Amino acid sequence: MGDQKEQKDIKVSPGPIPEGWVLDTKLRDDGTLVKHYLCPATDQHFYTYEDLMRYVRYAKAAKISIYSPNFEVDVKKEGHVTVKSEE
């Protein structure tokens, strides 16, 4: 048994997927498909709806990540995320 817990396939979300997140499918090296919740702007991902919602509640309360008022995705650099500081 490895360090990672065996993840069950996500069949149907228990609730609505928050804005800014998508249900994505990733192909593992062994050929299996794994579904996960992905934030394309930050490349964060979660394998369960419960973990996603726990993070979303925290991030909204703390105003971090895509929930920061100063959040921007720098499209000039692939995948680079910047949070502008208030001056």
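Residues numbered from 1 in each chain as written. Predicted model: local features only at pLDDT ≥ 70, side-chain atom pairs only at ≥ 80, totals over all residues. Heavy atoms only, no water.

Draft legend 1. Broad picture of the sheet that holds strand β1 (residues 22-27). Spatially, β1-β2-β3 is the arrangement adopted by the three strands of the open sheet, whose pairing is antiparallel. Sheet topology places β1 and β3 (44-46) at the edges, where each strand pairs with a single neighbour. Averaged over all adjacent pairs, the angle separating strand axes in this sheet is 45°, with direction ignored. Judged from the six bridges that link them, β1 and strand β2 (residues 33-39) form a sheet pairing that is antiparallel. Paired with Lys-26 across the two strands is Val-34, which belongs to β2. Packing of helix α1 (residues 49-62) onto the sheet brings it into contact with β2 and β3, and relative to β3 it is tilted by some 135°. (Pairing = 2+ DSSP bridges. Helix = DSSP H or I, 4+ residues; strand = E, 2+ residues; numbered from the N terminus. Axes fitted to C-alpha atoms, helices over the stretch in contact; angles between N-to-C directions. Contact = heavy atoms within 4.5 Å.)

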